[in-house]
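Single-letter residue listing:
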Amino acid sequence: MITLLKWEHTLKTFSQNYNSRRKNHNYYQKKIPDHLTDAIISGKSFLLSCHRNPDGDAIGSMMAMALALIAMNKEVTIYNVSPIPYNFYFLPETHLCSQSILADKTFDIAMSFDSPLAFMMGEEFLNASSNAQLLNVDHHINNELYGTYNWIDTEASAVGVMVYKILRKLDVDLNLDMASCIYCSIITDTGSFRYGSTNEEAMRVAGKLLSIGVDPWYMAKNIYESHPIERLTLMADTMKTLTISAENRVATLTINHSTFMKNKGDLSLIDGIINFPRSIRGIEIAILFYEFQPGMVGISIRSKGNVNVTEIGKLL
Ligand SMILES: [Mn+2]
């Protein structure tokens, strides 16, 4: 646990230094700032990234934007610290996403998606984008506004919805590939239209995407029903650690390092496991501890009610 805190402190300090180099123009709003689309139109070379260990919203929004920029004849580099998780690799052109950036390559525009903190894109991205205009597109309330232009719409169900609006404003001819990526964003961040983040705008945009030809079952099958067998063996081992406390209101699961490694040692296999303890009747908070490296423990916290899990996260 102590190792984890030290690690987070180092990264936090790094991103604070990075922030001080920026002149921020901040937009907490639903409407796309003109500066953002003007920058996209005038830029020629682009570097796109999203947070490490990306989820469906991060990848979907980044890839939809990348496909649109390619269609606009821009030069595009797509980067992530982590590999694309197995259940998102089916999305169009994900093979273009690289885990390294060409040394000495410079960019007019860098864009980040779904990433409240700068360090989540990694040092390589921050160095490569240091002379570029950085466009920060996100919906997290705790976004640290590290971009040259920051567009934060906290009411957006998914960053994919925000990218949809950018593409509409840019008059991009939205094709099936782009629509599939945006649909992936929306269904993963709304828990397939179940979470409180689901709203009318998300439903409306999803409807438009279906009219372009998105096949909901094809998408769901690839995202939710394409697990390697180790996902189930990891879940079986993890469920044995279930602990219920605080008068049956808190459920905890633990994945120690040997269990993690025995079941393929792949972080993307952990995604979603926390929803099972949360699904127990009466449980208000679910906590998952996962030791992904010896002595390095990640923590996921989910609530099912009015508990503010961000505050608990700060205590830990
Ligand atoms: Mn998101």
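Calculation rules
- Residues numbered from 1 in each chain as written.
- Predicted model: local features only at pLDDT ≥ 70, side-chain atom pairs only at ≥ 80, totals over all residues.
- Helix = DSSP H or I, 4+ residues; strand = E, 2+ residues; numbered from the N terminus.
- Expected span 1.5 Å × (residues − 1).
- Buried ≥ 20, exposed ≤ 12 C-beta atoms within 10 Å, placed from the backbone.
- Contact = placed C-beta atoms within 7 Å.
- Pairing = 2+ DSSP bridges.
- Axes fitted to C-alpha atoms, helices over the stretch in contact; angles between N-to-C directions.
- Right-handed = clockwise from strand over helix to strand, strands pointing away.
- Core = buried A, V, L, I, M, F, W, Y, C linked by C-beta atoms within 7 Å.
- Parallel < 35°, antiparallel > 145°, perpendicular 65-115°, else oblique.
- Left-handed = near helix turned anticlockwise from the far one by under 90°.
- Nonpolar A, V, L, I, M, F, W, Y, C, P; charged D, E, K, R; others polar.

Engineer: What is the right way to read helix α6 (residues 176-189) from this model?
Structural biologist: For an α-helix, the turn length of 3.6 residues means that residues three or four places apart are oriented alike. Counted at 1.5 Å a residue, the expected span for α6 with its 14 residues is 20 Å, and the 20 Å between its end C-alpha atoms agrees. Judged by how many residues are buried, α6 sits mostly within the fold: 12 of 14 residues are covered. The set of residues buried in α6 consists of Met178, Ala179, Ser180, Cys181, Ile182, Tyr183, Cys184, Ser185, Ile186, Ile187, Thr188 and Asp189. Its buried side turned inward, α6 meets α3 (56-71), α5 (159-169), α7 (200-212) and α8 (216-224). Among the residues trailing α6, Gly191 stands out with phi positive, at a value near 55°.

Engineer: So what exactly am I meant to see when it comes to the sheet that holds strand β10 (residues 285-293) here?
Structural biologist: The strands that make up a sheet are held in pairs by hydrogen bonds between backbone atoms, and each pair lies either parallel or antiparallel. Spatial strand order, β8-β9-β10-β11: four strands in an open sheet with mixed pairing. Lying at the two open borders of the sheet, with one neighbouring strand each, are β8 (243-245) and β11 (296-303). On average, each strand axis in the sheet is inclined to that of its neighbour by 20°, with strand direction left out of account. As paired elements, β8 and strand β9 (residues 250-255) share three bridges and run antiparallel to each other. Paired with Ile244 across the bridge in β9 is Ala251.

Engineer: Please explain the pairing of strand β2 (residues 45-50) as it appears in this structure.
Structural biologist: Look at any regular strand and the pattern is simple: side chains alternate between the two faces of the sheet. Burial of β2 is extensive: five of the six residues sit out of reach of the surface. Two strands pair when backbone bridges link them, and β2 and strand β3 (residues 75-79) are joined in this way by five bridges, in the parallel orientation. Each bridged residue has a counterpart across the sheet, and for Leu47 the counterpart in β3 is Thr77. Handedness of the crossover joining β2 and β3 through α3: right-handed. Direction of pairing for β2 relative to strand β5 (residues 109-113): parallel, over a ladder of five bridges. Along β5, the bridge assignment pairs Leu47 with Ala110.

Engineer: What am I meant to see in the nonpolar core here?
Structural biologist: Inside soluble globular proteins, nonpolar side chains tend to come together where they are buried. Ranked by internal contacts, the top residues of the largest apolar core, which has 66 residues, are Met62, Ile182 and Tyr183. Counting residues per element, this core draws most heavily on α3, which supplies 10 residues. Once you skip the residues sitting within four places of it in the chain, Ile182 turns out to touch Gly60, Ala64, Gly160, Val163, Tyr164 and Leu209. One finds Ala251, Ile255, Ile274 and Ile287 within the second-largest nonpolar core, a separate group that totals 13 residues.

Engineer: What exactly am I supposed to notice about the packing of α3 against α5 here?
Structural biologist: A pair of packed helices can be characterised by two numbers: the angle between their axes and the separation between those axes. At a closest axis distance of 8 Å, the pairing of α3 and α5 adopts a crossing angle of 15°. Judged by the inter-axis angle, α3 sits roughly parallel to α5. When the axes of α3 and α5 are compared, the crossing they make is right-handed. Judged by residue contacts, Asp57, Gly60, Ser61, Ala64, Met65 and Ala68 of α3 engage Val159, Gly160, Val163 and Leu167 from α5. Classifying every residue of the contact of α3 with α5 by side-chain character gives six nonpolar, three polar and one charged.

Without other data, these values stay purely geometric and don't point to any function.
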